[in-house]
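Chains, contacts and geometry: an overview
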Amino acid sequence: MSAPSSPASTSSRAAVPVAAHSVAAPAATAQRTLHELYRRVPNLGDYGSMTAIEERWILPKARAHEAAAPRFGSAGELLQALKEFLAEEEAALPESATFLAEHATLEQFKVVVRQFALDGLTESESLLPVVPRLPYRSAMAVFRVLIDELGCGNEEKAHSQLYRDLLTELGLSLRLDDYLDETSPQCYAYVNMFHWLASRAPSPQYFLGAYAYFETSVLYAFQSFARAARRLGIVHDAYYTEHLYIDAYHSNHMRTAIRSLEEPDLAKIWAGVRLASDIVGEATEAAVARARESAA
């Protein structure tokens, strides 16, 4: 789970009903198919299917953001632009964040939790392949983040276990397959994006931009989830509160990972930032929309 979309994209969508942004049936099917392909050892045909879906879905988005990236003179300039981008996004949080924090019922909150279960139950597992793809110093900074995500060897502190604790308290299933039929295309795309960034993207520098954005945006995006859990009397809210604590450190590590690059491709890093903002924002909006529809 993560931040809403950027201010520019939020404003451009504001007057359009959520239903108008639903993914067309073929695209929706493709996201579930891609998730299934990413979960198994692919054969030659699977590789062809993955490539075809990625060519229609995420590669055009990444290329467009890369082509539109500002001409940064240094990694420092890019990181300053990221700081400003995040500040603008935080200042323009969508109404859905307020709804979740202040008005969602327990049943509506459960809907949102279920929508992100495919991610929460496997959090960070798909990210490990990016480590050997990165230069050593950058890889070590990323690996330090992943160690925390996996609980530093303490199973009880692993983020996926914290999500399991939350699901258990809410009386929800711990079986991944139980969420396959109900997950929205946007939330499938959210999970698939991380796999693509770590394993499939033509450059791991897309991952660095996306995850630098993600680890910082959580510091404001998860506030609404934490506030909702507290308001609803949920005891096992550590999945959200832990992120609000640890991701300040993770944000620093991701900036280090970018600064450590001897030959940074700043356009690709910035494309990762924008890609993550778009896809995570769409998933969050879709999840809250489903929660609201559930009460209708």
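In what follows, the structure referred to is the one given above.
These remarks concern the structure in this document.

So, how was this worked out
- Residues numbered from 1 in each chain as written.
- Predicted model: local features only at pLDDT ≥ 70, side-chain atom pairs only at ≥ 80, totals over all residues.
- Heavy atoms only, no water.
- Helix = DSSP H or I, 4+ residues; strand = E, 2+ residues; numbered from the N terminus.
- Rg over C-alpha atoms; globule rule 2.2 N^0.38 Å.
- Buried < 20%, exposed > 50% of the residue type's maximum accessible area, 1.4 Å probe, protein only.
- Contact = heavy atoms within 4.5 Å.
- Areas by Shrake-Rupley, 256 points an atom, 1.4 Å probe, with all protein chains shown as cover.
- Lys, Arg positive; Asp, Glu negative; His and termini not counted.
- Charge placed at Lys NZ, Arg CZ, Asp CG, Glu CD.
- Core = buried A, V, L, I, M, F, W, Y, C linked by side-chain atoms within 4.5 Å.
- 1 Å grid on protein atoms, 1.4 Å probe; cavity = no way out; pocket = protein on both sides within 12 Å on 5 of 7 lines; lining within 4 Å.
- Points joined across faces, edges and corners; volume = space filled by probe spheres on them.
- Nonpolar A, V, L, I, M, F, W, Y, C, P; charged D, E, K, R; others polar.
- Axes fitted to C-alpha atoms, helices over the stretch in contact; angles between N-to-C directions.
- Parallel < 35°, antiparallel > 145°, perpendicular 65-115°, else oblique.
- Polar contact = N/O pair within 3.5 Å; in protein donor to acceptor, adjacent residues only side chain to side chain.
- Patch = residues over 30% accessible without salt bridge, like charges linked within 9 Å, V, L, I, M, F, W, Y side chains within 5 Å.
- Salt bridge = Lys/Arg side-chain N within 4 Å of Asp/Glu carboxyl O.

**Comments concerning the overall build of the protein**
Each helix and strand counted, the protein has 15 helices and zero strands in total. Taking 296 residues into account, the globule formula puts the C-alpha radius of gyration at 19 Å, and the protein, at 18 Å, falls close to it. Principal-axis analysis of the C-alpha atoms gives the protein an extent of 50 × 45 × 40 Å. A buried classification covers 53% of the 296 residues belonging to the protein. Here the contacts in the protein between residues at least 6 apart in sequence split such that 84% fall between residues at least 24 apart. Surface summary for the protein: the accessible area is close to 13,000 Å², and the carbon and sulfur share equals 54%. The protein carries 27 positive and 37 negative side-chain charges, and their two centres are separated by 2 Å.

**Regarding the nonpolar core**
Core analysis: the largest hydrophobic core is formed by 95 residues, its most contacted members being W196 and Y240. Per-element accounting of this core gives the leading share, 13 residues, to helix 15 (residues 266-294).

**What about the layout of surface pockets?**
Size it by volume and the second largest pocket reaches roughly 330 Å³. Lining the second largest pocket are 23 residues, with L118, T122, E125, S126 and V191 sitting closest to its centre. Of all the secondary-structure elements, those providing two or more residues to the lining of the second largest pocket are helix 2 (25-38), helix 8 (117-120), helix 11 (185-200), helix 12 (205-221) and helix 14 (238-259). If you tally residues by element for the lining of the second largest pocket, the top one is helix 11, at five residues. A per-class count over the lining of the second largest pocket returns 12 nonpolar, seven polar and four charged.

**Here's the deal with the packing of helix 6 (residues 95-102) against helix 13 (residues 223-231)**
The N-to-C vectors of helix 6 and helix 13 enclose an angle of 20 degrees; their axes lie 7 Å apart at closest approach. Here helix 6 lies roughly parallel to helix 13, going by the angle between them. Seen from helix 6, the contacting residues are A97, L100, A101 and E102; seen from helix 13, they are S224, F225, R227, A228 and R231. Residue classes in the contact of helix 6 with helix 13 are distributed as five nonpolar, one polar and three charged.

**Description of the side chain of K110**
Assignment of secondary structure puts K110 in helix 7 (residues 106-115). When its relative accessible area of 15% is taken as the criterion, K110 is described as buried. At 3.3 Å, the side chain of K110 and the backbone oxygen of L170 are in polar contact.

**Things to note about a nonpolar patch on the surface**
Residues L128, Y136, M140, F143, I147 and L150 make up a contiguous nonpolar surface patch of roughly 530 Å² in combined accessible area. Checked against the element boundaries, L128 lands in the loop between helix 8 and helix 9 (136-149).

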